[in-house]
Structure formats: structure tokens, C-alpha cells
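Residues per chain, in single letters:
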Amino acid sequence: MEEILPYRELPDLVTVPEAAKFLGVGRKVVYQLLENGVLRAIRQKSKILIDPCSLYDFQNRGKMA
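Residues numbered from 1 in each chain as written. Predicted model: local features only at pLDDT ≥ 70, side-chain atom pairs only at ≥ 80, totals over all residues. Heavy atoms only, no water.

1. Quick notes on unusual backbone geometry
For Lys 45, which is not glycine, the phi torsion reads 55° and is therefore positive. By the element assignment, Lys 45 lies in the loop between strand S1 (41-44) and strand S2 (47-50). Residue class for Lys 45 comes out exposed when judged on its relative accessible area of 84%. (Helix = DSSP H or I, 4+ residues; strand = E, 2+ residues; numbered from the N terminus. Buried < 20%, exposed > 50% of the residue type's maximum accessible area, 1.4 Å probe, protein only.)

Structure below.
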């Protein structure tokens, strides 16, 4: 099992694999959260970059087990 990234180690913008690692879930779950508007992100060229604050907010709302 991979180690979950602490919030203070997240960069300004986070890739989908980094977000998955931070939340302790698979990339598919992150894509679903993005599709449902739960996480905030931007697209730069072909990359999806997620606002780490939205990850932290989501995690602190108690939505993740």
C-alpha cells in the first residue's frame, strides 16, 4: 500500500495520480470526483491539474473513509 501524501507536501497544483495518492484512492475515483464537480481543477494542454485546497477540503468534510 502506498503512503498517503501529507497536505504540506502537496505542490501548488496536483496531478490526478498525486491527488489519488493524497486521498488514498485510485485514479478512477479522482476522475469521478472531478466529473461531479467535487474537486476543482484546470486543464493545461492535456494535463488535469487539481487545486490541492479542494483535496484538503474534501478530505476534511469526512467524505473519505
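2. Describing the side chain of Thr 15
By the secondary structure assignment, Thr 15 is in the segment before helix H1 (16-23). With residues up to four places along the chain from it excluded, the contact list for Thr 15 reads Lys 47, Ile 48, Leu 49 and Ile 50. (Contact = heavy atoms within 4.5 Å.)

3. Let's talk about the nonpolar core
Counting residues in each nonpolar core, the largest one holds 14 residues, and the members touching the most others are Val 30, Leu 34, Leu 39, Ile 50 and Leu 55. Where this core is concerned, the elements lending two or more residues are H1, helix H2 (27-35), S2 and helix H3 (52-60). Considering every element that reaches this core, the biggest residue donor is H1, with five residues. Not counting residues up to four positions away in its chain, the partners in contact with Val 30 are Val 16, Ala 19, Ala 20, Val 25, Leu 39 and Ile 50. (Core = buried A, V, L, I, M, F, W, Y, C linked by side-chain atoms within 4.5 Å.)

4. Thoughts on the pattern of salt bridges
Per the counting criterion, the structure on display carries two salt bridges. A salt bridge links Asp 57 to Arg 40; its shortest N-O distance comes to 4.0 Å. Here the residue Asp 57 occupies a position in helix H3, and Arg 40 occupies one in the loop between H2 and S1, the gap between them amounting to 17 residues. Among the charged side chains, a salt-bridge network with shared partners connects Arg 40, Asp 51 and Asp 57. (Salt bridge = Lys/Arg side-chain N within 4 Å of Asp/Glu carboxyl O.)

5. Some thoughts on the pairing of S2
Here S1 pairs with S2 via four bridges, running antiparallel. Counted as the bridge partner of Gln 44 is Lys 47 from S2. The hairpin turn running from S1 into S2, its antiparallel successor, is two residues long, and Lys 45 in that turn takes a positive phi close to 55°. (Pairing = 2+ DSSP bridges.)

6. Thoughts on the confidence of the model for the chain
Overall, the predicted model of the chain reaches an average pLDDT of 83, with 77% of residues at or above 70. By mean pLDDT, the top-scoring element of the chain is H2 (96), and the lowest-scoring one is H3 (87). (pLDDT = per-residue confidence, 0-100.)

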